[in-house]
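Here is what each chain is made of, one letter per residue.
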Amino acid sequence: MDGQSIPETLKKIYPHGDIHFYDEKGEIIWVNKQTVPYVAFSGKCPTRMRLQVAFAQDAGQVFLCPCHLSIYDVAGTVLDGPAPRPLDVLPIKVSASGDIEVIDVEYKAGGKSRSALPR
């Protein structure tokens with residue numbers, strides 16, 4: 001961000017710095033940098049991983065799970081409902097020209113920690 005401060009939303013998404021993604025052997029395969037001004041969330045509710053969350057701009061810019069009624073803020077943090085963890089962050093690559101590529105990762109349902117499933 002060229003010396004600019006990290007926006008508050010990104011600080012909430014990256015509370016411990018960059019997010020590392022690992023393969024099934026525990027090797028780092030990608031790192032999302034907290035200074036990149038973009039983030040991609042999995043559209044699947046972490047409760048069961050079958051339901052799609054929807055962005056509800058009319059309801060105060062939150063993500064909603066229509067089945068479990070979990071509510072997430074724009075940083076993916078659980079505001080209300082039974083969801084066991086925040087929305088899962090996906091790896092993204094941003095090219096020099098500004099093109100954004102989202103890399104799909106499947107996570108295990110339930111549980112408080114994110115655990116990627118091998119592909």
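Predicted, not measured: the structure shown is a model, and the values here were computed from it.

The rules behind the values
- Residues numbered from 1 in each chain as written.
- Predicted model: local features only at pLDDT ≥ 70, side-chain atom pairs only at ≥ 80, totals over all residues.
- Heavy atoms only, no water.
- Pairing = 2+ DSSP bridges.
- Helix = DSSP H or I, 4+ residues; strand = E, 2+ residues; numbered from the N terminus.
- Phe/Tyr/Trp six-rings, centres within 6.5 Å; stacked < 30°, edge-to-face > 60°.
- Buried < 20%, exposed > 50% of the residue type's maximum accessible area, 1.4 Å probe, protein only.
- Lys NZ or Arg CZ within 6 Å of the ring centre and 35° of its normal.
- Core = buried A, V, L, I, M, F, W, Y, C linked by side-chain atoms within 4.5 Å.
- Contact = heavy atoms within 4.5 Å.
- Salt bridge = Lys/Arg side-chain N within 4 Å of Asp/Glu carboxyl O.

Undergrad: How should I be thinking about the pairing of strand β2 (residues 28-32) in this particular structure?
TA: Two faces make up the sheet, and in a regular strand the side chains alternate between them. Two strands pair when backbone bridges link them, and strand β1 (residues 19-22) and β2 are joined in this way by four bridges, in the antiparallel orientation. Residue pairing in the sheet places I19 in a bridge with N32 of β2. Connecting the antiparallel pair β1 and β2 is a turn made up of five residues, with G26 showing a positive phi of about 85 degrees.

Undergrad: Where do I start with the sheet that holds strand β4 (residues 54-56) in this structure?
TA: Hydrogen bonding along the main chain pairs the strands of a sheet, whether they run parallel or antiparallel. Strand order in the open sheet formed by four strands is β4-β5-β6-β7, with antiparallel pairing between adjacent strands. Strands with a single pairing partner mark the edges of an open sheet, and in this sheet they are β4 and β7 (78-80). Note: strand β5 (residues 62-64) against strand β6 (residues 71-72), two bridges, orientation antiparallel. Note on β6: the bridge partner recorded for L64 is I71.

Undergrad: Please clarify how the packing of aromatic side chains should be interpreted in this entry.
TA: Any aromatic ring pair is given by two values, namely how distant the centres are and how the planes are angled relative to each other. Under the defined criterion, the tally for this structure stands at two aromatic pairs. An angle of 75 degrees between the planes, with centres 5.8 Å apart, marks the rings of F41 and F63 as edge-to-face. Of this pair, F41 sits in strand β3 (residues 40-41) while F63 is found in strand β5, placing the two residues 22 residues apart along the sequence. The exposure class assigned to F41 is buried, which follows from its relative accessible area of 17%. What links up through ring pairs into an aromatic cluster is the set F41, F55 and F63. Sitting over the ring of W30, K93 keeps its end group 5.0 Å from the ring centre.

Undergrad: How should the side chain of D88 be read in this particular structure?
TA: Summarising the element assignment, D88 is placed in the loop between β7 and β8 (89-90). You can call D88 buried: its relative accessible area is 0%.

Undergrad: Which parts of the structure should I look at to understand the nonpolar core?
TA: Here is a general trend for soluble globular proteins: nonpolar side chains tend to be buried in one another's company. By size, the foremost hydrophobic cluster in this structure holds 20 residues, and its most contacted members are I13, F41, V53, F63, Y72, L87 and V89. Secondary structure elements with two or more residues in this core: α1 (8-13), β1, β3 and β8. Leaving out residues up to four positions away in the same chain, I13 has contacts with I19, V39, F41, A75 and V89.

Undergrad: Help me understand the pattern of salt bridges, please; the structure alone is not making it clear to me.
TA: Opposite charge on two side chains allows them to pair when their charged atoms are near. Tallied over the full model, the rule gives four salt bridges. E8 is paired through a salt bridge with K11; the nearest N and O atoms lie 3.2 Å apart. Of the two residues, E8 and K11 are both situated in helix α1; the distance of three residues between them amounts to about one turn of the helix. Judged by relative accessible area, E8 falls into the exposed class, the value being 55%. Residue class for K11 comes out partly exposed when judged on its relative accessible area of 41%.

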